[in-house]
Amino acid sequence: MSESSGTAFGGRRAIPPSTSNAAENDPPTVELQGLVPRGFSPQDYLNVTNVHLFKERWDSNKVDHHTDKYSNDKLIVRRGQSFYIQIDFNRPYDPRRDLFRVEYVIGLYPQENKGTYIPVPLVSELQSGKWGAKVVMREDRSVRLSVQSSADCIVGKFRMYVAVWTPYGVIRTSRNPETDTYILFNPWCEEDAVYLENEKEREECVLNDIGVIFYGDFNDIKSRSWSYGQFEDSILDACLFVMDKANMDLSGRGNPIKVSRVGSAMINAKDDEGVIAGSWDNVYAYGVPPSAWTGSVDILLEYKSSQKPVRYGQCWVFAGVFNTFLRCLGIPARVVTNYFSAHDNDANLQLDIFLEEDGNVNSKLTKDSVWNYHCWNEAWMTRPDLPVGFGGWQVVDSTPQENSDGMYRCGPASVQAIKHGHVCFQFDAPFVFAEVNSDLVYVTAKKDGTHVVEALDTTHIGKLIVTKEIGGDGMKDITDTYKFQEGQEEERLALETAMMYGAKKALNTEGVLKSKSDVRMNFEVENAVLGRDLKVIITFRNNGSARYTVTAYLSGNISFYTGVSKAEFKKETFEVTLEPLSFKREEVLIGAGEYMGQLLEQAFLHFFVTARVNETRDVLAKQKSIALTVPKVVIKVRGAQVVGSDMVVTVEFTNPLKETLRNVWIRLDGPGVTKPLRKMFREIRPNSTVQWEELCRPWVSGPRKLMASLTSDSLRHVYGELDLQIQRRPSM
């Protein structure tokens, strides 16, 4: 089967690497050896007349392999598990004199030792985890086989042939695209590296095509549904194309560690022309604003057809599309959100916030940032490359943040290794450890060039880590899988272990008390609704017996959800006198006009309050981000919610702002109910309502969901959703 090439590749190999699932060359239909007698005719021997793959949705091949949801008319099976095929011959098959076998081939230059050419042996009994084919039925001219792939074979689209032996060589069936077979990872197979024991987890993390992504702020958690759509038409081919575009060697595509690492690099376009171009600057010319996407399907299909990065994405878009990629190939995966996620540029486990002597933030020196939230993925797999105990959930992150081995990618990093501080284990564990464990350090940069550590906050970063609950739309707290509780002996031990393995601490914060002052300060933001005035209420409490005067400084900034400030819209300094054992509140009113003109993608306002106790020179510092409450899109349906029946979907939006919205795009999506749709409205005037009606015909029964998003020049991150229960078509 191996095709030899006329050229030597750099003198080291006779055959170039095989890096494309789509590329193919056909093996010869007749391979004769030695002298062939005159009058030899292949027709005189056993000949294949037809091959049946039992690939309809209701056939056991698809039902038993949990692939019946894929909108794909080819056979899709999972590795390590048997499936049935039937071969029709030109005459009855006689095992005493006839010899045939099934062959699977993938890519160019197929080689048996690379797993790209698989001659399947006929066996009397199938062996667990190994390739084999067993005759289960012989009837007239037909033979039915139970075929089983190995539990570690390449994942991709194979071409299938049947080869018959004659005394003079091999006769092989010609190329037939109808017999192409997709082989996927198998979380139901104990020998597979992605085996997941819990059936409910498999249902959620492999088979659920609709998810919930959490965003917003720790004090105001928001959620939105996302259509993963891993079973939609052409999505499986798009996911295989992503690996082709990465020039990933086919022989590595059976290894979930390699597949997920390549995926984390390819879902972003930073250095490899990958799937999504990121943009965090609020300028989305010639592209779609990240908040407008309702799911992964449009993005992956556009990438496959254009072969160019799709614009634009931010962390939850990267995570949503990466989840589709992993689930589609059969790797259990879920989207995770970390609230107050550290982007620690120098990986020193500290986020250093530098202050001027007057308490203002020094933006030139402050290079680290705290993301209000950050989304990444977890993928489930064994880790034979690590010591025992570090398999299971692995962090993989496709948002381009830091370079890893020359490319923008992250993971897989063992969640268990991160929890215990074992950051020496590949891949990128120190970066993920810092995202959830860094300390917040407030440092005064004095005019003489010295730096004085003023305050230390060890609990701000990695405040809450969540994912979608199994079987529902609620939130599941998984913080304790990443870190021990603050103050526990194990938590300090994990930190010391991480530092021993090279996660360094720079500034000496030993001996810095978390708060050494009698005076305590906190603040809250009230009535944070988009387009309305709001109040910041700062509270001071004097727990001491002395009288204190405090000079306080409030800074209000329009910020990206990454914690990076765009513009300061409010600056206020005020003096407070605190009597012994007293409590005082200060209110700062902020008019809608002060922030509306400069608002960004996610309507985040970031407030920073610093206060200096004049008598003791103690510095108190607090910061908070708030996500303004935005209006919602309303979805309604009329008509029977039945597979194959028409129903009318109405999308409705009322503009609550005092300004006209221009260039308004509304998107509608619902896997199994409608293909992704969109409609443009030139403008929506203040307090006016727009309606959009579409006729939909569901093709999947069970619990489904419709999702809508609205984006305009001045208002984004507007969503709506509606739960549906689609009934099966009544049998006649």
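Residues numbered from 1 in each chain as written. Predicted model: local features only at pLDDT ≥ 70, side-chain atom pairs only at ≥ 80, totals over all residues. Heavy atoms only, no water.

- As recorded in an unreviewed UniProt entry, the protein chain goes by the name Coagulation factor XIII A chain, listed as coming from Bison bison bison.
- Recorded in UniProt under Function (unreviewed entry), the annotation for the protein chain is "Factor XIII is activated by thrombin and calcium ion to a transglutaminase that catalyzes the formation of gamma-glutamyl-epsilon-lysine cross-links between fibrin chains, thus stabilizing the fibrin clot. Also cross-link alpha-2-plasmin inhibitor, or fibronectin, to the alpha chains of fibrin." (UniProt positions renumbered as here; feature names shortened; annotations may be inferred.)

1. Some words on the overall build of the protein chain
Consideration 1: The helix and strand tally for the protein chain stands at 11 helices and 40 strands.
Consideration 2: Summarising its shape, the C-alpha atoms of the protein chain cover approximately 115 × 60 × 45 Å along the three principal directions.
Consideration 3: A burial count over the protein chain gives 57% of its 732 residues as buried.
Consideration 4: For the protein chain, contacts bridging at least 24 residues in sequence account for 68% of all contacts bridging at least 6.
Consideration 5: Carbon together with sulfur atoms contributes 47% to the accessible area of the protein chain, which is approximately 30800 Å² in total.
Consideration 6: On the protein chain, the mean spot of the 85 positive side-chain charges and the mean spot of the 95 negative ones are 3 Å from each other. (Helix = DSSP H or I, 4+ residues; strand = E, 2+ residues; numbered from the N terminus. Buried < 20%, exposed > 50% of the residue type's maximum accessible area, 1.4 Å probe, protein only. Contact = heavy atoms within 4.5 Å. Areas by Shrake-Rupley, 256 points an atom, 1.4 Å probe, with all protein chains shown as cover. Lys, Arg positive; Asp, Glu negative; His and termini not counted. Charge placed at Lys NZ, Arg CZ, Asp CG, Glu CD.)

2. Regarding the nonpolar core
Consideration 1: By size, the foremost hydrophobic cluster in this structure holds 69 residues, and its most contacted members are Val275, Trp316, Phe325, Leu329 and Tyr373.
Consideration 2: Residue contributions to this core peak at 11 residues, all from helix H6 (residues 315–329).
Consideration 3: Discounting residues that sit within four places of it in the chain, valine 275 has contacts with Val242, Met266, Ile267, Asn268, Ile299, Leu300, Tyr303, Pro309, Val310 and Val321.
Consideration 4: Of all hydrophobic cores here, the second largest spans 59 residues; its members include Val525, Ile558, Ala592 and Cys696. (Core = buried A, V, L, I, M, F, W, Y, C linked by side-chain atoms within 4.5 Å.)

3. Structural notes on empty space enclosed by the protein
Consideration 1: Under the defined criterion, the tally for this structure stands at 7 cavities of 30 Å³ or more.
Consideration 2: There is about 120 Å³ of room inside the largest cavity.
Consideration 3: Along its surface, the largest cavity is lined by 17 residues, and Phe433, Asn437, Lys483, Glu491 and Leu495 are the ones closest to its centre.
Consideration 4: Contributions of two or more residues to the lining of the largest cavity are made by helix H7 (415–419), helix H8 (429–437) and helix H10 (489–500).
Consideration 5: Here the lining of the largest cavity takes 4 residues from H10, the largest share from any one element. (1 Å grid on protein atoms, 1.4 Å probe; cavity = no way out; pocket = protein on both sides within 12 Å on 5 of 7 lines; lining within 4 Å. Points joined across faces, edges and corners; volume = space filled by probe spheres on them.)

4. Regarding the environment of serine 688
Consideration 1: Tracing the backbone shows serine 688 in the loop between strand E37 (674–684) and strand E38 (689–696).
Consideration 2: As a C-alpha pair, serine 688 and glutamate 435 span 253 residues in sequence and 44 Å in three-dimensional space.
Consideration 3: Not counting residues up to four positions away in its chain, the partners in contact with serine 688 are Phe653, Thr654 and Asn655.
Consideration 4: A polar contact is formed between the side chain of serine 688 and the backbone oxygen of arginine 685, at a distance of 2.7 Å. (Polar contact = N/O pair within 3.5 Å; in protein donor to acceptor, adjacent residues only side chain to side chain.)

5. As for the environment of valine 576
Consideration 1: One can find valine 576 in strand E30 (residues 565–578).
Consideration 2: When the C-alpha atoms of valine 576 and serine 363 are compared, they prove to be 26 Å apart, with 213 residues separating the residues in sequence.
Consideration 3: Among residues more than four places away in sequence, those in contact with valine 576 are Phe540, Tyr548, Thr549, Val550, Lys584 and Glu586.

6. Observations regarding the UniProt feature "active site" (unreviewed entry) in the protein chain
Consideration 1: On the UniProt side, "active site" (unreviewed entry) is annotated at positions that read Cys315, His374 and Asp397 here. These annotated residues cover 83 residues of sequence, and their C-alpha atoms lie no more than 9.9 Å from one another, placing them together at a single site.
Consideration 2: Positionally, cysteine 315 belongs in helix H6.
Consideration 3: Excluding anything up to four places from it in sequence, cysteine 315 contacts Trp280, Trp371, Tyr373, His374, Cys375, Thr399 and Tyr561.
Consideration 4: Not counting residues up to four positions away in its chain, the partners in contact with aspartate 397 are Ser264, Phe322, His374, Cys375, Trp376, Arg409, Cys410 and Glu435.
Consideration 5: Among the polar contacts made by the side chain of aspartate 397, one reaches the main-chain amide nitrogen of threonine 399 at a distance of 3.0 Å.

7. With respect to unusual backbone geometry
Consideration 1: For the peptide bond that leads from glycine 411 to proline 412, omega is 0 degrees, which places it in the cis range.
Consideration 2: For proline 412, the position within the fold is in strand E22 (residues 410–414).
Consideration 3: A cis amide bond links glutamine 426 to the next residue, phenylalanine 427, at an omega of 5 degrees.
Consideration 4: Structurally, phenylalanine 427 can be placed in the loop between H7 and H8.

8. Digging into the domain arrangement of the protein chain
Consideration 1: When the domains of the protein chain are assigned, the result is domain 1 (30–184), domain 2 (199–501), domain 3 (519–627) and domain 4 (634–726).
Consideration 2: On a C-alpha basis, the centroid separation for the pair domain 1 and domain 2 is 41 Å.
Consideration 3: On the domain 2 side, the residues contacting the 19 residues of domain 1 number 19 residues.
Consideration 4: Counting across the interface, domain 1 meets domain 2 through 0 salt bridges.
Consideration 5: For the pair domain 1 and domain 2, the interface holds 5 residue pairs in polar contact (both at pLDDT 80 or more).
Consideration 6: Listing elements by their share of the side of domain 1 that touches domain 2, those giving two or more residues are strand E3 (75–78), strand E9 (156–166) and strand E11 (181–184).
Consideration 7: Residue composition of the side of domain 1 that touches domain 2, by class: 8 nonpolar, 5 polar and 6 charged. (Domains from an automatic or database assignment. Salt bridge = Lys/Arg side-chain N within 4 Å of Asp/Glu carboxyl O. Nonpolar A, V, L, I, M, F, W, Y, C, P; charged D, E, K, R; others polar.)

9. Focus on the pattern of salt bridges
Consideration 1: Counted by the stated rule, this structure contains 36 salt bridges.
Consideration 2: A salt bridge links arginine 96 to aspartate 94, with the shortest nitrogen-to-oxygen separation between them at 3.3 Å.
Consideration 3: Overall, the relative accessible area of 78% leaves arginine 96 in the exposed class.
Consideration 4: Across the pair glutamate 103 and arginine 101 runs a salt bridge, and its minimum N-O distance is 3.9 Å.
Consideration 5: Taking relative accessible area as the criterion, glutamate 103 reaches 0% and is therefore assigned buried.
Consideration 6: Looking at arginine 101, the relative accessible area reads 26%, which means it is partly exposed.

10. Topic: the packing of aromatic side chains
Consideration 1: Scanning the model with the defined rule gives 22 aromatic pairs in all.
Consideration 2: Geometrically, the ring pair formed by tyrosine 215 and tyrosine 373 is edge-to-face, given 6.3 Å between the ring centres and 65 degrees between the ring planes. Residue tyrosine 215 is located in strand E12 (residues 210–217), and its partner tyrosine 373 is located in strand E18 (residues 369–381); the two are separated by 158 residues in the primary sequence.
Consideration 3: In this structure tyrosine 215 comes out as buried when scored by relative accessible area, which is 10%.
Consideration 4: Overall, tyrosine 373 belongs to the buried group, its relative accessible area being 0%.
Consideration 5: Judged by centre distance (6.3 Å) and plane angle (55 degrees), the ring pair of tyrosine 442 and phenylalanine 608 falls under tilted. Here the residue tyrosine 442 occupies a position in strand E23 (residues 439–445), and phenylalanine 608 occupies one in strand E32 (residues 604–613), the gap between them amounting to 166 residues.
Consideration 6: Over the face of the ring belonging to phenylalanine 484 we find lysine 419, whose NZ or CZ atom lies 4.8 Å from the ring centre.
Consideration 7: Its end group placed over the ring of tryptophan 665, arginine 678 keeps NZ or CZ at 4.8 Å from the ring centre. (Phe/Tyr/Trp six-rings, centres within 6.5 Å; stacked < 30°, edge-to-face > 60°. Lys NZ or Arg CZ within 6 Å of the ring centre and 35° of its normal.)

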